[in-house]
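Below, each chain spelled out in residue letters.
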Amino acid sequence: MRWLLGLTALLLCTAPALAAPCDEAAPCSVGDGEYYLALPPGWDGESPLPAIVFFHGHRSSGLSVINSGSIKASFGDHGYLLIAPNGALRPDSDVRAWPARPPEDGMRDDVAFTLDVVEDVAARVPLDRSRILVAGFSAGGSMAWLVACTEGDMFAGYVSVSGALRRPAPTDTCPGGPARMLHIHGFADTQVPLEGRGIRDWHQGDVGESLSLLRRTDQCRSNPDDIAMGDFYWCRVWNESCATGHDIEFCLHDGGHMMPRGWAELARAWFENGPGGS
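Scoring rules and cut-offs
- Residues numbered from 1 in each chain as written.
- Predicted model: local features only at pLDDT ≥ 70, side-chain atom pairs only at ≥ 80, totals over all residues.
- Heavy atoms only, no water.
- Helix = DSSP H or I, 4+ residues; strand = E, 2+ residues; numbered from the N terminus.
- Rg over C-alpha atoms; globule rule 2.2 N^0.38 Å.
- Buried < 20%, exposed > 50% of the residue type's maximum accessible area, 1.4 Å probe, protein only.
- Contact = heavy atoms within 4.5 Å.
- Areas by Shrake-Rupley, 256 points an atom, 1.4 Å probe, with all protein chains shown as cover.
- Lys, Arg positive; Asp, Glu negative; His and termini not counted.
- Charge placed at Lys NZ, Arg CZ, Asp CG, Glu CD.
- pLDDT = per-residue confidence, 0-100.
- Disulfide = S-S within 2.5 Å.
- Polar contact = N/O pair within 3.5 Å; in protein donor to acceptor, adjacent residues only side chain to side chain.
- Phe/Tyr/Trp six-rings, centres within 6.5 Å; stacked < 30°, edge-to-face > 60°.
- Lys NZ or Arg CZ within 6 Å of the ring centre and 35° of its normal.

Trainee: Describe the overall build of the protein, naming the residues involved and giving the relevant values.
Mentor: Helix and strand counts for the protein come out as seven helices and 14 strands. Computed over its C-alpha atoms, the radius of gyration of the protein comes to 20 Å, within 12% of the 19 Å expected for a compact globule of 278 residues. The C-alpha extent of the protein, read off along each of the three principal axes, is 75 × 45 × 35 Å. Burial statistics for the protein: of 278 residues in total, 50% are counted as buried. In the protein, once contacts between residues fewer than 6 apart in sequence are set aside, the share between residues at least 24 apart is 67%. Carbon and sulfur atoms make up 54% of the accessible area of the protein, which amounts to about 13,100 Å² in all. Charge separation in the protein, taken as the distance between the mean sites of 21 positive and 35 negative side-chain charges, equals 3 Å.

This is the structure:
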């Protein structure tokens, strides 16, 4: 019996073990940044998980994403791992931000940071890399656009809520190649207008320009393949005409700068089933 106990102890010591996921009280650290992680309820502890990487808005944090009821209900409760990176702190401030443009002197490379976060998650939890959705709100939405344009098929899809690709943007096509994108925006948004606005020495970017750039990258025709006018969302879809096999959906609502009702269900349906979802 003693030899059996010893063998069991040896196996326990030498068997590979996943690092414990970080919780709300203790975010994971990666390089000079950190992120929060939330496992879906009822997970068996072994099956590879689909995931949503969500970038918070200006002055918010990854913790607010983990605590978001809509994200939990629409993604976490449907088996998705929630990954919520923290934006870098602005100098001499407690404000977290996503510049969402090529890094300048002293700025963190947030795209590289995002890739490092995903690799760190994969070392902790079985991850289904073919089902990772990257999304964000406002400045975080611009960050989702930046990752889409620079990394393309690295991730299975991208969702931006109220944030365009910031200037300076590529002039021809996205360097990362084709990508799937769902963009949701408020027609009455004055914080991040559809046309964007200049702030000091930078510009938020124009939604139309962002979509046009991605259409060229995805080799889609300029006019949409489908237009759907629902009770709350009016959507324009590019899919059948896109030679690369990717799709783009642009959905407007009549509100302002917000995460509108139903956005998360719309996003998950689009991600899992394509434009129009069901």
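Trainee: So what about the confidence of the model for the protein? Which residues, and what values?
Mentor: Caution applies to low-pLDDT regions: their predicted coordinates should not be interpreted in detail. Scored by pLDDT, the protein has a mean of 91; 91% of the residues are at 70 or more. Here residues 1-17 scores under 50 on pLDDT; set against residues more than four positions off or in separate chains, the count is zero contacts.

Trainee: Which residues make up the state of the cysteines, and what values go with them?
Mentor: Inspection of every chain in the model, using the stated rule, returns three disulfides. There is a disulfide in this structure between Cys 220 and Cys 242, and the S-S distance comes to 2.0 Å. Measuring the twist about the S-S bond at about 110°, one finds the Cys 220-Cys 242 disulfide to be right-handed. Taken together, the residues span a long stretch of sequence, with Cys 220 in the loop between α6 (207-218) and β12 (226-229) and Cys 242 in the loop between β13 (234-238) and β14 (248-253) at a distance of 22 residues.

Trainee: Kindly report on the environment of Ser 47, identifying the contributing residues and their values.
Mentor: With respect to the helices and strands, the residue Ser 47 is situated in the loop between β2 (33-38) and β3 (49-55). Taking the relative accessible area as the measure of exposure, Ser 47 reaches 33% and is therefore partly exposed. For the pair Ser 47 and Val 125, spaced 78 residues apart in sequence, the C-alpha separation works out to 9.3 Å. A polar atom in the side chain of Ser 47 sits 2.6 Å from the side chain of Asp 44.

Trainee: Give me the lowdown on the packing of aromatic side chains, citing residues and values where you can.
Mentor: The tally for this structure, following the rule as stated, stands at six aromatic pairs. Judged by centre distance (5.0 Å) and plane angle (70°), the rings of Phe 55 and Trp 98 are edge-to-face. Note that Phe 55 is positioned in strand β3 and Trp 98 in the loop between β6 (96-97) and α4 (110-124), a separation of 43 residues in sequence. Exposure remark for Phe 55: the relative accessible area of 0% places this residue in the buried category. Members of the aromatic cluster, each reached through a chain of ring pairs, are Phe 75, Tyr 80 and Phe 271. If you follow Arg 108 out to its NZ or CZ, it ends over the ring of Phe 113, 3.8 Å from the centre. Its end group placed over the ring of Trp 270, Arg 180 keeps NZ or CZ at 4.2 Å from the ring centre.

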